[in-house]
Amino acid sequence: MNTLQKTPVIPNLEDLKIQTLGQTEVLIHGQIAKWHSGSAHALFYYLLSHPNGKSREEIIDTLWNTEPTAASSNRFRVTIHRIRNALGWFEALLEKHSRYQLDHRVLEACDTHKFNLMLRQAEHASNPAIKLEYYQQALALYTGDYLPFETASWVLKTRNEHNAAFNHAKIAVSQLHCNLGQCRTSVTTLGVALQNDPFLSENHHQKLMSCLSVVEDKFVAIEHYRHFLAFLKNDLNDSPMPETIVIAERIKGGERICLRALQQANTPKSK
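Here's a quick rundown of the structure. (Residues numbered from 1 in each chain as written. Predicted model: local features only at pLDDT ≥ 70, side-chain atom pairs only at ≥ 80, totals over all residues. Heavy atoms only, no water.)

1. Things to note about the overall build of the chain
The number of helices and strands found in the chain is 12 helices and 5 strands. For 271 residues, the compact-globule estimate of 2.2 N^0.38 gives 18 Å, and the chain exceeds it by more than 25% at 24 Å. Along the longest, intermediate and shortest principal axes, the C-alpha atoms of the chain span 80 × 45 × 35 Å. Across the 271 residues that make up the chain, the buried fraction comes to 42%. Counting every atom, the chain has about 15400 Å² of accessible surface; 51% of that belongs to carbon and sulfur. One finds the centroid of the 29 positive side-chain charges in the chain at a distance of 3 Å from the centroid of its 27 negative side-chain charges. (Helix = DSSP H or I, 4+ residues; strand = E, 2+ residues; numbered from the N terminus. Rg over C-alpha atoms; globule rule 2.2 N^0.38 Å. Buried < 20%, exposed > 50% of the residue type's maximum accessible area, 1.4 Å probe, protein only. Areas by Shrake-Rupley, 256 points an atom, 1.4 Å probe, with all protein chains shown as cover. Lys, Arg positive; Asp, Glu negative; His and termini not counted. Charge placed at Lys NZ, Arg CZ, Asp CG, Glu CD.)

2. Looking at helix α7 (residues 156-179)
Its 24 residues place the ends of α7 35 Å apart at the C-alpha level, agreeing with the 34 Å of an ideal helix rising 1.5 Å per residue. The first or second residue beyond α7 is Gly181, which carries a positive phi of 75°. (Expected span 1.5 Å × (residues − 1).)

3. Focus: helix α6 (residues 128-141)
The periodicity of an α-helix, 3.6 residues per turn, causes residues three or four positions apart to be oriented the same way. An ideal rise of 1.5 Å per residue puts 20 Å on 14 residues; α6 measures up with 20 Å between its terminal C-alpha atoms. In this structure, the buried side of α6 is in contact with α5 (111-124) and α7. Between the side-chain oxygen of the N-cap and the backbone nitrogen of Ala129 there are 2.8 Å, and the N-cap of α6 in question is Asn127. (Contact = heavy atoms within 4.5 Å. Polar contact = N/O pair within 3.5 Å; in protein donor to acceptor, adjacent residues only side chain to side chain.)

4. Quick look at the pairing of strand β2 (residues 25-28)
Note: strand β1 (residues 16-19) against β2, 4 bridges, orientation antiparallel. Note on β2: the bridge partner recorded for Leu16 is Ile28. Where β1 folds back onto β2 in an antiparallel hairpin, the turn is made up of 5 residues, including Gly22, whose phi is positive at roughly 85°. Bridge count for β2 against strand β3 (residues 31-32) is 2 bridges, and the pairing is antiparallel. Paired with Ile28 across the strands is Gln31, a residue of β3. In textbook terms, the turn of a hairpin is the stretch between consecutive antiparallel strands, and for β2 and β3 this stretch comprises 2 residues, one of which, His29, has a positive phi near 55°. (Pairing = 2+ DSSP bridges.)

5. Considering the sheet that holds β1
One open sheet accounts for 3 strands, arranged β1-β2-β3; its pairing is antiparallel. Bordering the open sheet on either side are β1 and β3, each of which pairs with just one other strand.

6. Concerning the packing of helix α9 (residues 202-215) against helix α11 (residues 242-252)
A packed helix pair is summarised by two numbers, namely the angle formed by the two axes and the spacing between the axes. Packing of α9 against α11 leaves a shortest axis separation of 10 Å and a crossing angle of 10°. When the axis of α9 is compared with that of α11, the two are roughly parallel. On α11, the residues that touch Glu202, Gln206, Met209, Ser210 and Ser213 of α9 are Glu243, Thr244, Ile247, Ala248 and Ile251. (Axes fitted to C-alpha atoms, helices over the stretch in contact; angles between N-to-C directions. Parallel < 35°, antiparallel > 145°, perpendicular 65-115°, else oblique.)

7. Overview of the nonpolar core
Core analysis: the largest hydrophobic core is formed by 51 residues, its most contacted members being Ile18, Val26, Trp35, Phe44, Leu48 and Leu87. The element contributing the most residues to this core is helix α1 (residues 38-49), with 7 residues. When sequence neighbours within four positions are dropped, the list of residues in contact with Ile18 reads Glu25, Val26, Phe44, Leu48, Val106, Ala109, Cys110 and Asp111. In this structure, Leu200, Leu208, Met209 and Ile257 belong to the second largest nonpolar core, which totals 18 residues. (Core = buried A, V, L, I, M, F, W, Y, C linked by side-chain atoms within 4.5 Å.)

8. Focus on the packing of aromatic side chains
Under the counting rule described, the total for this entry stands at 8 aromatic pairs. Grouped by ring-pair contacts, the aromatic residues Trp35, Phe44 and Tyr45 constitute a single cluster. (Phe/Tyr/Trp six-rings, centres within 6.5 Å; stacked < 30°, edge-to-face > 60°.)

See the structure below:
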């Protein structure tokens, strides 16, 4: 007998915890959710990755690579039922305007929701200390790639979006530390972002080279430059910008280049 109620007491958000960054886990009252099928597990995370929902036809095509038939439609209904049972809440997954989507309270229990919320608060904060605190809270949530064990093509777009947001936050944090004169922390943070995504703008590589010439020495700075040259050649079949070459030559000549100090020196003082 089906004991799932259509209008149960809505669970508090603290009773539901969804982890997708670095690991994949759904906890309900501290217990791991039981999906009872791979299809239910896949569909839940598919809908989690598409908060605006997907149609029945899109779901059947994407997840099961087939057309709607009597068999696939029955599998779909059973899978929806298993997700609701796993979450213990009928309205956790509903059909709205021919699209199936997770309730906003389910989405809000996910670590990616909290991650993006912290990023938005950081971007809107005017106080540098508060801005830095929000960014650090967001970065603490990002313990790895989104749905790291999922290899399906549908997850790649969402994974890349979260990864790009992580790198943007790292660069923002690096700049905040730079503004505070905390050079070594700034360099470490920027280095993580560039290691995670070397395709970031070349000006970030220029800044890392310059900062390394200050907090380390010219040899460490030029080592990054050489790695960057190899990346440009092997991955992009490209060469560095003239400005990058000029910075490298200045560092090779023994100059320690602090871009923040140069910027401050070139900023007109208010009368």
